[in-house]
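Inside the fold
If you want the building blocks of each chain, they are given just below.
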Amino acid sequence: MKRMRGSQFVILLLSVMMVCVTLAGCGTVGERQKQEPEVKEKEQPGPAVAGSGNIAETKQDDFIYRLIIEPAEPASGGDVKLYGELEYVGDQDEIDIHHAASPFFFYLKETTRGYNIGYMMNQPAITTKLKKGAPLREQYKGGGGFSDRDNKDYIAFIKDLSAHGFPVGHYEVTGTAEFFTGQETSKHDYKITAEHSFDVAQASSAGKAGKTK
């Protein structure tokens, strides 16, 4: 009888151990399931940006914005010209865009001197009709303002820029086309941006002529 009771005890002990192992295995699976990372949807890519030589280009929906520097090698000398250009490439023959005095903004930084050159614009409500495949282009004609509290060198720089074009230096440009289409419930705001940089190694001919007077 004692042997039988001992065997029964061993069998009972083995059964209990198997149950514990099974429960522990289930618990491990549960923990692993909790630790699995969540699968999130990938973010949609932003507007396409491209650049070639003297042109930086950004496409957003049915519009292409271009920031253009002419000549292509401004460091070689001569008058440097900066343009913003907006083209409609959608399905319609033409489309109305609504904007301030102009849809084009230019923000510059001259890194040699550390000057930030802002851009001021009147804010009337103007509508422009863009025809498909016919880009709207506008030239940068100087910007930035100053007050009597600004450094005299900065004031002289802004005056020179506005009167004669870009002084010698390295320029980083952020160009923007800012406008909206539609009205009220169908309104769609756009702020399309491109960036470029260029060097001016010598003063423009207009600048030289102005300084000799």
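None of the values given here were measured: they were computed from a predicted structure. (Residues numbered from 1 in each chain as written. Predicted model: local features only at pLDDT ≥ 70, side-chain atom pairs only at ≥ 80, totals over all residues. Heavy atoms only, no water.)

1. Observations regarding the overall build of the chain
When helices and strands are tallied, the chain shows three helices and eleven strands. When its helices and strands are written in sequence order, the chain yields α-β-β-β-β-β-β-β-β-β-α-β-β-α. When the 213 residues of the chain are sorted by exposure, 31% land in the buried category. Accessible area of the chain: about 14200 Å², with a carbon and sulfur share of 53%. (Helix = DSSP H or I, 4+ residues; strand = E, 2+ residues; numbered from the N terminus. Buried < 20%, exposed > 50% of the residue type's maximum accessible area, 1.4 Å probe, protein only. Areas by Shrake-Rupley, 256 points an atom, 1.4 Å probe, with all protein chains shown as cover.)

2. Re unusual backbone geometry
Positive phi is not limited to glycine here, since Asp61 has a value of about 55 degrees. Following the sequence through the fold, Asp61 ends up in the loop between β2 (55–60) and β3 (63–70). Phi is positive for Glu184, which is not a glycine, with a value near 50 degrees. Glu184 gets classed as exposed once you look at its relative accessible area, which sits at 73%.

3. Remarks on the nonpolar core
Residues Phe63, Leu82, Leu108, Tyr140 and Phe166 are the most contacted members of the largest nonpolar core, which totals 36 residues. Among the secondary structure elements, those contributing two or more residues to this core are β3, β4 (81–88), β5 (94–99), β6 (104–110), β7 (115–117), α2 (152–164), β10 (169–181) and β11 (188–200). With five residues, β11 is the largest single contributor of residues to this core. Ignoring any residue separated from it by four or fewer positions in sequence, one finds Tyr140 in contact with Leu82, Phe106, Leu108, Ile117, Tyr119, Leu161 and Phe166. (Core = buried A, V, L, I, M, F, W, Y, C linked by side-chain atoms within 4.5 Å. Contact = heavy atoms within 4.5 Å.)

4. Let's talk about the environment of Asn151
Assignment of secondary structure puts Asn151 in the loop between β9 (136–139) and α2. At a separation of 2.6 Å, a polar atom in the side chain of Asn151 contacts the main-chain amide nitrogen of Asp153. (Polar contact = N/O pair within 3.5 Å; in protein donor to acceptor, adjacent residues only side chain to side chain.)

5. Focus on the environment of Ile155
Inspection of the secondary structure assignment puts Ile155 in helix α2. The spatial distance from the C-alpha of Ile155 to the C-alpha of Gly145 is 8.4 Å, given a sequence separation of ten residues. The contact partners of Ile155, leaving out residues within four places of it in the chain, are Phe146, Ser147 and Asp150.

6. Section: the side chain of His99
In this fold, His99 is placed in strand β5. Polar side-chain contacts of His99 include one of 2.6 Å to the side chain of Thr128. With residues near it in sequence (within four places) discarded, His99 still touches Pro124, Ala125, Ile126, Thr127, Thr128, Glu178 and Phe179.

7. Quick notes on α2
When the terminal C-alpha atoms of α2 are compared, their 18 Å separation across 13 residues agrees well with the 18 Å that a helix rising 1.5 Å per residue should span. Regarding α2, the residues found buried are Tyr154, Ile155, Phe157, Ile158, Asp160 and Leu161. The distance from a side-chain oxygen at the start of α2 to the backbone nitrogen of Asp153 is 2.6 Å, and the residue carrying that oxygen is Asn151. At the exit of α2 stands Gly165, carrying a positive phi of roughly 100 degrees. (Expected span 1.5 Å × (residues − 1).)

8. A short note on the confidence of the model for the chain
On average, residues of the chain carry a pLDDT of 77, and 67% of them reach 70 or more. Least confident of the elements in the chain is helix α1 (residues 2–35), whose mean pLDDT is 47; most confident is β5, at 97. (pLDDT = per-residue confidence, 0-100.)

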